[in-house]
Amino acid sequence: MKNFFKRSMLLILIISLFSTNLIIDAKSDNDDEVVRTIETINKLRDIYELPLLSYSDVLNKTATTHTRYMDFNNTYSSVEESGKLYYRGRYPWDRASYNGYTNSYIYEVLNQDITTFTSGLNQLMQNPYSRYGILDPLYTDLGMATYDNLTTYLFGGSGRNSNIEVAYPYDNQKNVDTAFNNKYILDPYNRVSNKPEVVGIPITYSIYSSEAKILDFGNIEASLFDTRKNEYVKIKVVTSIQDRNLTNSIVLLPMEEYNFGTTYKVKIKTSLQFDKQISFENGRKSHYKYIDYENIFTTKDSSTEQAAYAYITREKFVEDLMKTSGIVIRDSLEIIFTDVNINSPNYKYIYTANINGIILGYPDGLYKPKANITREQAYTILIRTYNKDIGEIELEQKDRLLDFLDVGTISSYALEPMYKAKKIGLLIDNQYEFSPNVYITTREFNDLLSNYATITARDKESRYRISR
């Protein structure tokens, strides 16, 4: 069974082809994007009562090496070739075993040109093929790594304890994307003739089992209903009998894009025949199971909604801030952070911020460009930029006061910059919670940067007049 599983996963993988002086003032690694990504996927897995994923340092190390293998060898595949730089094993399970991972099952999925680990995984969730692995109860461990524009997610586990049915989107899911943007090389619409240019997210109904495979889907009745227009959406139904890249699944492929802010009703009826007897909730074993499934989901309200509330990454934060400042942008071939490629387009902004003492990095020597920025980190970096660009902000004793209800939770390193931010009008405190360790969204950052630009322009002019 183990070898069969590996061969099956290899088939999917081949087709799918899914650092030292750098502290951005995080008081710990708990705000790392890796942690937040695992928390996000666990919220989804918890809805289905699937085993929750834990961070695996071994899988993270394995993913890191493979991502560098792909980058340095100019390839995009889960298969490695012996003798090449960073080679650690031909297949993902070989590489994980090489690094000391003891569980039997490994699933690797690749992505590229992502903004954050979370957004990259969300992209892969849109595709039925990669979705099946991400939601598989078989896996309990997760590691991930990015280098340059390439990302590796590595799932590991020891086995399934029961037979589980999983449908996606799940019942009453909100804010579902309206359009399918495939980030997995294998495209479920490849078999569909006359495919429209834009289509909706595929819908899946899957059975995870270590006991049996589905031999037949009998008398399938499936529909997708637009409750706002009061009409059915045209769909194409594909099963794992028709598509050997699917496992124990039925897929509904919408033939049009979803409408914004609309509730859709899904219905699936079919009689399943398994190659072995299988048991579900009632404990009774049978070769057959009748499916009569129905759920609803609702799409997001607008095309800008998701982007507006997305978190901003460290690399994007520093790039936009340096462009706003009057600091001279400098480029270099010096490797200051081992996880930042000197050929990346934002390297010069990261380099400029570093040589000016605006960003310092993490104790382990990494920049973590895909991680997010907390509120206290944001104000700290903004004030460092102000000090370099405009001049030092002098504080009196009366300035060292913040009126937030949760002022005691602000890190010691961030207090002085926040006093200064308050003095120049960048931060307004009051009797409310500041939530220093909450990540700022792109919308919040854009507002903050706009205020910062206004303040620095004012203060530059003021200092210019004084100097005259």
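Quick notes on the rules
Residues numbered from 1 in each chain as written. Predicted model: local features only at pLDDT ≥ 70, side-chain atom pairs only at ≥ 80, totals over all residues. Heavy atoms only, no water. Helix = DSSP H or I, 4+ residues; strand = E, 2+ residues; numbered from the N terminus. Buried < 20%, exposed > 50% of the residue type's maximum accessible area, 1.4 Å probe, protein only. Polar contact = N/O pair within 3.5 Å; in protein donor to acceptor, adjacent residues only side chain to side chain. Contact = heavy atoms within 4.5 Å. Phe/Tyr/Trp six-rings, centres within 6.5 Å; stacked < 30°, edge-to-face > 60°. Lys NZ or Arg CZ within 6 Å of the ring centre and 35° of its normal.

Moving on, we get to unusual backbone geometry. Cis geometry is found at the peptide bond from Y168 to P169, where omega equals 0°. Although it is not a glycine, D148 adopts a positive phi angle of roughly 55°. Position of D148 among the secondary structure elements: in the loop between β4 (141-147) and β5 (150-157). Its relative accessible area of 33% is what places D148 among the partly exposed residues. Positive phi outside glycine occurs at N219, with the angle close to 50°. Tracing the chain through its elements places N219 in strand β9 (residues 214-226).

Along the chain, S286 turns up in strand β14 (residues 285-299). For S286, a relative accessible area of 15% translates into the label buried. For S286, the side chain forms a polar contact with the main-chain nitrogen of Y288, separated by 3.0 Å. When near neighbours in sequence (up to four residues on either side) are disregarded, S286 contacts K276, Q277 and I278.

A word on the packing of aromatic side chains. The geometry of an aromatic ring pair is captured by the separation of the ring centres together with the interplanar angle, meaning the angle of the planes. Counted by the stated rule, this structure contains 20 aromatic pairs. When the centroid spacing of 4.8 Å and the interplanar angle of 40° are considered together, the rings of F317 and F445 count as tilted. In this pair, F317 sits in helix α8 (residues 314-324) while F445 sits in helix α12 (residues 442-467), placing the two residues 128 residues apart along the sequence. Summarising the burial analysis for this pair, F317 and F445 share the class buried. In this structure, K195 packs its charged tip against the face of Y189, placed 5.4 Å from the ring centre. Taking the ring centre of Y362 as reference, the NZ or CZ of K368 above it sits at 4.0 Å.

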